[in-house]
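Observations on the three-dimensional arrangement
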Amino acid sequence: MIGTGYVGLVSGVCFSDLGNDVICVDKDLNKIKQLNNGNIPIYEPGLEELVIKNFKNKRLKFSNDLKNSVKNSDIIFICVGTPTKKGGSSADLSQIYKVANEIGKSINKFKIVVTKSTVPVTSGDKIEKILLKNISKKKFSVVSNPEFLREGEAIRDFNYPDRIVIGTENKRSNKMLKNLYSPIISKGAKYINVSRRAAELIKYSSNAFLATKISFINEIANLCEKTNINVDDISIGIGLDQRIGSRFLRAGPAYGGSCFPKDTKAITVTGDIFKTNLSIIKSVIRSNENRSNLLLKRVYEICKNKIKKKRICFLGVTFKANTDDMRDSSSLKMIPELSKKGAIINYYDPTGPKKEFNRYKNVEYIDSSKNCIQKSDLIIIHTEWNEFKSINFKKLFKNKKKIIYDMRNLYSTKKMKDLGLRYFSIGRSD
Ligand SMILES: NC(=O)c1ccc[n+]([C@@H]2O[C@H](COP(=O)([O-])OP(=O)(O)OC[C@H]3O[C@@H](n4cnc5c(N)ncnc54)[C@H](O)[C@@H]3O)[C@@H](O)[C@H]2O)c1
């Protein structure tokens, strides 16, 4: 596995747990050192036990030595990052191409080079060209095997995926990969073999579709707020239609994370390159970018535009629960904006303080949700961690007038009103 991040580490550990010998490679010396000392660089439930177990069994190794790791492997998975290019919308593939160059210089016998990273259509063709600079066509096959795991559920998702997509026209590679995945296929995962370009596009289309579902229900929530309707009823009412499905229909803040924002942008660039206007996805991106402004506007309304010196608490700042990933989290837009307007921000996150907020004055990490709530006038529930689902606000408020803005609809409006609390939420009448 080349790139030992959320995808490479989880996939590497899970493959080793299935009985394979795995080397996880990363250029980050500190990360490899940490892993070799039994410390896990990311927060992912269940990961630590699995790493320690397989490391002790010697089926799992961590290394900085890409060359020898490639030489000693039959299948090479590229799992490096493909972030948005600085100042643009397209995917920055520099990490992919760098790794492809290094692989090309290290191949000694036939290898399957698999891209697990999310890469735009035709990237496999480019990787193939890079490899051809140093080795003959007979010595390798480039395959696309996009990853669909979700942070926070990554181990379960890896072992019980809805489907495994293998993009290759090479029979030998298909057979070897089907064999590698056979323990997962035998547990019920569907295995599909398509062309390499189709596999690349399946990943982007999936993410764009899921992002569309989220933005769709968020816009319906806006309408619900104006028409005295509970958006949760709409989610249930439409989600029960099997053609629609109930997942990814929970209204909330703007979607974030390391995938949806960058992948929606990148696929529209691919569309433009191939002279195809992906207007629906473009409109989803606009809708999502506007979402944080809309929620901020609501915060101002709730505070009657008195933001200066207002003590605001954020419960959770990551883009979703059960991860420490801050990439494109909506808190990164909202907290700096409120701080700029003079609010005093306290935040608590179960995965600890975040360096992203160090440079803002008036933004402080508080080490418990209780203290965070007690120090604040407005409590914003930003992330849906379980530990925020049963808070006794009444007791913590101690008769002080405080306001709750629940951006995840974790509480019942009626129950909160019955308790005499000032409670606002998403897509529900106040
Ligand atoms: N995070 C997710 O939930 C998720 C899910 C599905 C797909 N993906 C895709 O998988 C890819 C990886 O995502 P991630 O979240 O794991 O990224 P990440 O940033 O957590 O990890 C990438 C790792 O690659 C390493 N790396 C970069 N260049 C290297 C090189 N030359 N040699 C060795 N290591 C190198 C980095 O040091 C880093 O540790 C992306 O394309 C992403 O879109 C991510």
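Attention in this report is confined to the structure presented alongside it. (Residues numbered from 1 in each chain as written. Predicted model: local features only at pLDDT ≥ 70, side-chain atom pairs only at ≥ 80, totals over all residues. Heavy atoms only, no water.)

Another point: unusual backbone geometry. At Lys275, a residue that is not glycine, the phi angle is positive and equals roughly 55°. Given a relative accessible area of 77%, Lys275 falls into the exposed group. (Buried < 20%, exposed > 50% of the residue type's maximum accessible area, 1.4 Å probe, protein only.)

As a further point, take the environment of Phe357. Within the fold, Phe357 resides in the loop between strand E9 (344-348) and strand E10 (363-365). Along the primary structure Phe357 and Pro336 are separated by 21 residues, whereas in three dimensions their C-alpha atoms are 7.9 Å apart. Non-local contacts of Phe357, meaning those with residues more than four positions away in its chain, are made with Val317, Met326, Ser331, Leu332, Ile335, Pro336, Tyr347 and Val363. (Helix = DSSP H or I, 4+ residues; strand = E, 2+ residues; numbered from the N terminus. Contact = heavy atoms within 4.5 Å.)

A full pass over the atoms with the stated rule returns 22 salt bridges. We note a salt bridge from Arg327 to Glu151, for which the minimum N-O separation is 3.9 Å. With Arg327 in the loop between strand E8 (311-315) and helix H14 (331-340) and Glu151 in the loop between strand E5 (140-144) and helix H7 (154-159), this pair connects stretches of sequence that are 176 residues apart. Among the residues examined, Arg327 registers a relative accessible area of 42% and is labelled partly exposed. Owing to a relative accessible area of 9%, Glu151 belongs among the buried residues under this scheme. Between Glu337 and Lys341 there is a salt bridge, and its shortest N-O distance comes to 3.9 Å. (Salt bridge = Lys/Arg side-chain N within 4 Å of Asp/Glu carboxyl O.)

Time to look at the site of the ligand. Near the ligand you find 25 residues, and of these Asp26, Lys31, Thr82, Glu151 and Lys262 are the closest. Thr118 has a polar backbone atom sitting 2.9 Å from an oxygen atom of the ligand. The side chain of Ser258 places a nitrogen or oxygen atom 3.2 Å from a nitrogen atom of the ligand. In isolation the ligand has 840 Å² of accessible area, and contact with the protein removes 91% of it. Only helix H1 (6-17) and helix H5 (94-106) provide two or more residues apiece to the shell around the ligand. (Near = heavy atom within 4 Å. Polar contact = N/O pair within 3.5 Å; in protein donor to acceptor, adjacent residues only side chain to side chain. Areas by Shrake-Rupley, 256 points an atom, 1.4 Å probe, with all protein chains shown as cover.)

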